[in-house]
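These are the residues of each chain, in order.
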Amino acid sequence: MKYTLRAKLSLSYMLVVLISVFLTSVLTNLLLEKHFKEYVIKNQERKSKEIVSLISQQYKPGGRWNTDVIENIGMNALEQGMIIKVVDSSGKAIWDAMVYNRGLCHRMLEHMACNMTSRYPNWKGGYVEDKYPVTYNLSEVGRVEIGYYGPYYFNDNDLAFINTLNRLFIGVGMISLLSSLFIAAFMSKRLSTPISRVIEAAHKISKGYYQDRITEKSGIKEISQLTQTINDLAEVLEKQEMLRKRLTADVAHELRTPLATLQSHMEAMIDGVWEPDIDRIKSCHEEIVRISRLVGDLEKLAKYESESLILNKTRFDVSQLIRHIIRNFEIDFINKGLDIEFNGQEEIVFADKDKISQVIINLLSNALKYTPEGGRVEVKVESSGDVVNIIVKDTGEGISPEDLPYIFERFYRADKSRNRLTGGAGIGLTIAKAIVEAHKGTIRVNSRINEGTEFIVSLPKQVG
Ligand code: ADP
């Protein structure tokens with residue numbers, strides 16, 4: 001049988017409270033019973049001694065007794081459940097409660113028996129008599145016999161007191177039980193609500209709905225970690241899903257043009273509209289090269305987008321890395337008639353060296369591609385607070401303000417009509433941005449048409 005977490009928690013909590021309330025009641029009751037019994041026995045002894053002392057005072061020299069007072073004492077004692085008999089030294093009765101009011105004595109004994117059996121149904125008691133000597137001037141002048149229902153008894157007041165206490169215990173027990181019920185319901189709700197939300201969210205994720213997030217806060221560390229993990233999972237899956245959809249759409253879009261061109265060219269040649277001369281075949285070949293390049297770019301993009309999260313970080317001097325890359329590029333710049341310059345001090349960053357190289361290569365090759373002959377490219381490394389800025393500035397064709405917000409989008413090319421064989425597929429900056437953001441850095445661009453473009457990559461130093 002399977003219980004819900006809430007039911008299980010409530011049950012466990014209630015069980016714990018029930019056991020503790022039960023144990024406390026049993027123990028308190030046992031202790032109370034014991035102490036009360038001792039108190040009643042001691043009280044009985046004290047009262048007996050008091051009665052004996054009072055009766056002793058009623059003896060007058062010459063063997064006379066003040067029977068009126070003894071009668072009063074005897075009647076008072078009878079009301080409290082004690083049957084008094086006073087005899088003189090010869091054994092003659094001076095006053096006897098049984099003789100004075102036999103009926104009342106029997107009723108009193110029955111009443112005490114009734115008191116005791118009402119509390120202890122299996123109580124076995126009976127009539128008990130204690131004898132006390134009465135002395136005058138150190139000689140025994142008589143005896144007081146005190147009879148009662150024994151071995152001990154509870155009078156009405158005792159019984160009322162112990163019953164009130166018991167009722168109080170039951171009341172306290174009930175209140176603790178009710179409050180425990182309330183607390184158990186409250187606590188289990190607090191514990192189970194976020195867990196139910198996690199289950200609900202995980203269920204939705206398993207069905208492909210990744211937008212849902214758990215907003216309930218929990219004061220319990222483990223639950224808070226669990227909700228955070230599920231939210232992170234949903235975010236990663238949502239991002240992956242979005243990338244997958246966009247990639248499919250982009251690929252279809254990018255393939256459509258060259259394939260349509262190829263198809264129409266081929267059809268025209270098959271139908272005999274065009275002669276399959278070398279120029280036409282070359283043009284078909286160009287489209288095939290374009291498709292191959294696109295597939296190559298796609299592979300690269302897939303690699304960076306899936307791997308950009310896995311960074312193999314080391315500490316290195318970013319200026320030294322850039323100098324090295326520029327050296328490899330130098331010949332291309334010279335061939336195109338461009339000036340390239342580097343400025344920068346040693347700046348240590350904690351980053352993935354290969355991936356940062358890729359960013360710089362992409363920016364430099366763009367500067368090379370989009371700067372006409374006679375232009376200038378300047379690369380700078382500057383430290384600014386917690387970040388290192390890498391600036392790649394060219395005096396090239398620039399990017400129009402309408403295109404500027406989209407240049408980091410994949411397959412986005414500012415100049416749509418440009419031959420894709422010379423220009424790229426529009427993923428160089430997408431890759432650069434993915435890498436920089438995986439390093440928790442930023443990449444910005446400033447550009448003016450026909451004046452030039454400046455890319456600023458800011459990387460956190462994270463040294464130490
Ligand atoms: P591509 O492979 O087409 O170069 P990128 O993602 O690297 O793709 O760049 C996207 C677009 O941004 C380019 O097509 C180009 O229009 C524009 N762009 C990038 N860098 C520069 C630059 N330095 N000067 C002018 N335009 C640029």
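Quick caveat, the model's predicted, so the values are computed rather than measured.

*Asks:* I'm lost on the pattern of salt bridges in this one. Help?
*Replies:* It is possible for side chains bearing opposite charge to pair when their charged atoms get close. Applying the stated criterion across every chain yields a total of 16 salt bridges. For the salt bridge of R197 with D212, the shortest nitrogen-to-oxygen distance reads 3.9 Å. With R197 in helix α5 (residues 156-206) and D212 in the loop between α5 and α6 (221-270), the pair connects residues that are 15 residues apart, well separated along the chain. When salt bridges with common partners are traced through the structure, they connect R197, E200, K204 and D212 into a single cluster.

*Asks:* Help me out: how do you make sense of the nonpolar core in this one?
*Replies:* A general trend in soluble globular proteins is that nonpolar side chains are found buried together. Judged by nonpolar contacts, the single largest core of 46 residues is most densely connected at V318, I322, I356, L363, L364 and V457. Those residues in contact with I356, other than ones at most four positions away along the chain, are F316, V318, L321, A351, I435, H439 and L459. In this structure, A77, M116, I146 and F154 belong to the second largest nonpolar core, which totals 39 residues.

*Asks:* What is the right way to read the pairing of strand β12 (residues 442-448) from this model?
*Replies:* Note on strand geometry: in a regular strand, side chains alternate between the two faces of the sheet. Burial of β12 is one-sided: the residues I443, V445 and S447 facing one way are buried, the residues T442, R444, N446 and R448 facing the other way are not. As paired elements, β12 and strand β13 (residues 452-460) share seven bridges and run antiparallel to each other. Bridging across to β13, R444 finds its partner in I456.

*Asks:* Would you mind showing me how to read the environment of L311 here?
*Replies:* Note on placement: L311 falls in the loop between α7 (278-307) and β7 (313-317). In contact with L311, other than residues within four places in its own chain, are D352, K355, A438 and H439.

*Asks:* I keep staring at the domain arrangement of the protein and nothing clicks. Help me out?
*Replies:* Much of the literature gives interface size as the accessible area that the parts lose upon coming together. Looking at the assigned domains, one finds that the protein contains domain 1 (5-173) and domain 2 (311-460). For domain 1 versus domain 2, the separation of C-alpha centres amounts to 104 Å.

Cut-off values and rules
Residues numbered from 1 in each chain as written. Predicted model: local features only at pLDDT ≥ 70, side-chain atom pairs only at ≥ 80, totals over all residues. Heavy atoms only, no water. Salt bridge = Lys/Arg side-chain N within 4 Å of Asp/Glu carboxyl O. Helix = DSSP H or I, 4+ residues; strand = E, 2+ residues; numbered from the N terminus. Core = buried A, V, L, I, M, F, W, Y, C linked by side-chain atoms within 4.5 Å. Buried < 20%, exposed > 50% of the residue type's maximum accessible area, 1.4 Å probe, protein only. Contact = heavy atoms within 4.5 Å. Pairing = 2+ DSSP bridges. Domains from an automatic or database assignment.

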